[in-house]
Each structure stands twice: as C-alpha cells, then as structure tokens.
Amino acid sequence: MARNYTNLIENIKHRTNPDAINESEIMDKTFSAELRDLADKKVLEYIKRAMRGVESRYAERTIEAGNKVMMHLKNNNSSLDYKFQGSVPSNTHIVGHSDIDLVQITNSFYSHESKSSFTNKFNSGYLTVSEKSRLLDVINGSTYFGDVNADLRKLRTDAELVLTSVYKNVDITKAKSIEVNPTNPDRIVDVVTASWYVNVDSVLTNDETDKGIQIYNKEKNTRLPVDFPFMKIKLLNEKDKSVNGRLKKMIRFLKNLKADSDYTLKEISSFDISSICYNIPIYNYENKPYYELVVVLFSEFMKIFEDENYRNSIMSIDGSEPIFRGKDEKVDKLRLLFRELFTVNEDLMSQTSYAKFL
C-alpha cells in the first residue's frame with residue numbers, strides 16, 4: 001500500500017530544517033534542481049531527502065554548542081581530554097537540532113589489555129623502534145593505586161558544579177551523562193565522564209581514535225564495559241569515503257524510516273542501523289544510484305531474516321559485539337522496520353520507468 005509521501009516529505013523537512021528557512025537559502029543549486037525534477041515523483045523525492053545529510057548550518061551550530069560547553073570544562077580542568085562522539089561528528093544524524101555527546105576523559109590512569117598480550121607482541125619481531133618503545137611503556141607501566149571510581153566521581157561532580165554555575169538548564173540526575181542546554185545555540189549537549197582503554201593495536205598505531213573508553217556510571221559508581229566510539233567514527237568515515245557517500249546515505253535513510261514509522265522501534269538504535277549498513281559488502285552498492293540503495297537494503301534485510309547464521313554473524317562496526325545474536329526482541333523490531341522498507345521498495349518499483357532516467 002502506497003504511503004503518503006507528501007506528509008513524509010514534510011516530516012523530513014521539519015527534522016532537517018526545523019527553523020523552516022527557505023530551502024533556496026540553505027541547499028546547493030544542484031540538489032535543489034534535482035528535487036524540482038522529482039516534483040511529481042514523491043517516493044523518489046522522499047528517498048533522496050531521507051538519504052541527504054542535515055544542512056551544514058545546523059550541524060555547525062550543534063558543534064558550536066558542544067564547543068561552548070567544552071570551553072567551560074577546559075577552563076576548569078585543562079588536563080583532561082575532550083572528544084565528541086555519536087552521530088553528529090560522523091554526519092549520520094537526521095535531525096537539525098540534534099544532541100551532541102561530549103566526553104571528558106581522564107589522563108590520570110587507563111585500563112589495558114592483559115600485559116601478556118603486549119609482551120607477546122613485543123617478542124613477535126617485525127616492529128619498529130618506536131612501536132617497541134610504546135609497547136614497553138605499557139609492559140613496564142606502574143600500577144595505579146588510586147580509587148578509579150572515586151576519581152571519576154570527583155570529575156563528574158566537578159563538571160556538574162561548573163556547568164550548573166554557567167547554565168540554567170542542566171540535568172545532573174542521569175547516571176551516565178550531564179544534560180546541558182546552552183540555549184544559544186539551542187541544543188542539548190550530553191557530557192560523559194570516562195577513562196581511556198588501550199589495547200595492542202591502539203598502542204602500535206599510536207592513533208588516539210583507536211583507543212577505547214570506559215564511561216563512568218554515577219548511579220552504580222562504576223565504569224561501563226569498554227567501547228570504541230572514535231574508532232567507529234573513523235571506520236565509518238573511511239568506508240563511506242571509499243563509496244562516495246553511499247554508506248551514510250543508507251544509514252540516514254533507515255533512520256528516517258524508523259523516525260517516520262507508526263511502530264515504536266526504540267530497540268533498534270542508531271548503533272544497530274549503522275552496523276547493519278556497515279556490514280553490507282561494498283561491491284553490492286559502490287556504483288549504485290541513490291534509489292537503488294533501497295533495493296540493496298531490501299535484499300540485505302531479506303538475507304538477515306532468511307539466514308540465521310548470517311544474522312548472528314553481523315558485528316558492530318568495531319567488531320566488538322554481535323548485533324543480533326541472542327537478541328530475539330531486537331530481531332522482532334527489525335521485522336517492523338522491514339515492513340516500512342518493504343512498502344517503500346514496492347512503491348519505488350512502480351516508479352522504475354522514471355528512475356532509469358535519473
């Protein structure tokens with residue numbers, strides 16, 4: 001059954017251009033011309049809009065809000081590392097007034113892979129002098145005798161004091177983050193406290209984006225399992241660049257389908273959607289026009305549901321965890337998202353006589 005694409009297009013306009021600025025002022029001429037050509041082909045216009053990134057002026061304002069919060073925290077404690085994570089820095093967000101995650105990371109201590117892993121690598125040969133030196137820094141590193149949770153709690157508390165003294169709208173009740181609304185620009189900045197985690201690979205590359213973090217949970221006074229948010233952004237950016245933006249188009253499209261769905265699909269996260277798309281072999285879509293990416297996604301979802309072994313093999317972007325293995329509820333929710341995709345794919349097929357000319 002065909003969907004009401006006029007309404008769906010308006011939904012996307014509201015998300016990506018929440019201030020209702022005249023599109024001629026914010027869109028490049030090429031994209032505006034493409035939309036005019038699709039004026040009577042609403043399903044194609046919906047797909048094209050759903051795959052496009054949020055207008056740069058909104059992303060810039062979101063990052064500006066994050067930088068303002070970061071400046072206040074830095075002025076209070078310049079010894080920490082401050083990094084952005086999430087969909088805004090990876091440009092896979094679909095909402096103009098998006099939230100942004102800011103991580104403040106201590107340099108007082110870090111966790112790491114077992115020292116035996118570093119020793120085995122050190123003894124394996126074929127390493128540069130610099131690589132050996134960095135491995136030895138971990139192997140010979142001294143034990144931290146402080147209370148890591150107490151230290152992280154203090155960093156979290158200090159950040160709460162700083163931010164509540166500067167901003168009116170601050171929520172410090174959340175376990176994992178401090179929610180700040182700077183109002184100018186009007187965005188939400190979630191401030192997370194964490195410590196670094198290093199493994200052999202991150203030490204060898206000496207690239208900070210390869211390092212993991214452990215986020216502090218204020219409610220439980222403990223650190224969460226290791227996550228690699230900066231590596232995920234790097235890997236996503238690298239793969240997307242190799243396919244001329246097609247990977248992020250698919251991610252944004254599925255996110256918009258989820259946002260426009262009549263079903264409640266909160267169990268399917270941005271993390272899941274990005275991982276599903278990242279897992280698709282490049283040769284399946286590297287030369288496809290935008291509308292054929294819908295068909296690629298349709299085929300991928302069919303394979304996920306038809307082949308349990310394949311479904312269970314899908315991993316997160318950084319390869320650290322399976323997306324669907326042992327998660328039946330998530331698979332059920334994905335079937336609901338597939339219903340939305342199925343309808344759009346069917347409606348697209350009715351437009352193939354138009355599509356082949358675009």
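What counts, and where the lines are drawn
- Residues numbered from 1 in each chain as written.
- Predicted model: local features only at pLDDT ≥ 70, side-chain atom pairs only at ≥ 80, totals over all residues.
- Heavy atoms only, no water.
- Buried < 20%, exposed > 50% of the residue type's maximum accessible area, 1.4 Å probe, protein only.
- Helix = DSSP H or I, 4+ residues; strand = E, 2+ residues; numbered from the N terminus.
- Pairing = 2+ DSSP bridges.
- Phe/Tyr/Trp six-rings, centres within 6.5 Å; stacked < 30°, edge-to-face > 60°.
- Arc of directions from axis to C-beta.
- Contact = heavy atoms within 4.5 Å.

Caption draft 1: Just the pairing of strand β5 (residues 189–198), in detail. With respect to burial, β5 is a largely interior element, ten of its ten residues being buried. The sheet contact formed by strand β2 (residues 100–112) and β5 spans ten bridges and is parallel. Paired with Gln104 across the two strands is Thr193, which belongs to β5. Sheet topology note: the strand β4 (residues 177–181)/β5 ladder contains four bridges and is antiparallel. Bridged to Glu179 within β5 is Asp190. Direction of pairing for β5 relative to strand β6 (residues 212–217): antiparallel, over a ladder of four bridges. Across the sheet, residue Trp196 finds its bridge partner in β6, namely Ile213.

Caption draft 2: View of the environment of Leu44. Here Leu44 lies in helix α4 (residues 42–51). With relative accessibility at 0%, the residue Leu44 sits in the buried group. It is 25 Å that separates the C-alpha atoms of Leu44 and Arg57, two residues lying 13 residues apart in sequence.

Caption draft 3: Quick peek at the packing of aromatic side chains. Per the counting criterion, the structure on display carries eleven aromatic pairs. Taken together, a centroid distance of 5.0 Å and an interplanar angle of 35 degrees make the contact between Phe109 and Tyr144 tilted. Taken together, the residues span a long stretch of sequence, with Phe109 in strand β2 and Tyr144 in the loop between α7 (129–139) and α8 (148–166) at a distance of 35 residues. With a relative accessible area of 35%, Tyr144 lands in the partly exposed category. Judged by centre distance (6.2 Å) and plane angle (85 degrees), the rings of Tyr197 and Phe228 are edge-to-face. Highlighted residues: Tyr197 in strand β5 and Phe228 in the loop between β7 (222–223) and α10 (229–242), separated in sequence by 31 residues.

Caption draft 4: Broad picture of α7. Taken together, the buried positions of α7 are occupied by Glu131, Arg134, Leu135, Val138 and Ile139. In a view along the axis of α7, the buried residues occupy a sector of 145 degrees, so they form one face of it. Residues of α7 that are exposed and angled more than 90 degrees away from the buried face: Val129 and Asp137. Those residues of α7 hidden inside the fold are in contact with β2, α6 (115–122) and α9 (200–205).

Caption draft 5: Summary view of unusual backbone geometry. A cis amide bond, omega 0 degrees, links Asn184 with the succeeding residue Pro185. Mapped onto the secondary structure, Pro185 falls in the loop between β4 and β5. Here the phi dihedral of Tyr126 falls at roughly 55 degrees; this positive angle occurs in a residue that is not glycine. Locating Tyr126 in the fold gives a position in the loop between α6 and α7. We note that Asn206 has phi near 55 degrees; this positive angle belongs to a residue other than glycine.

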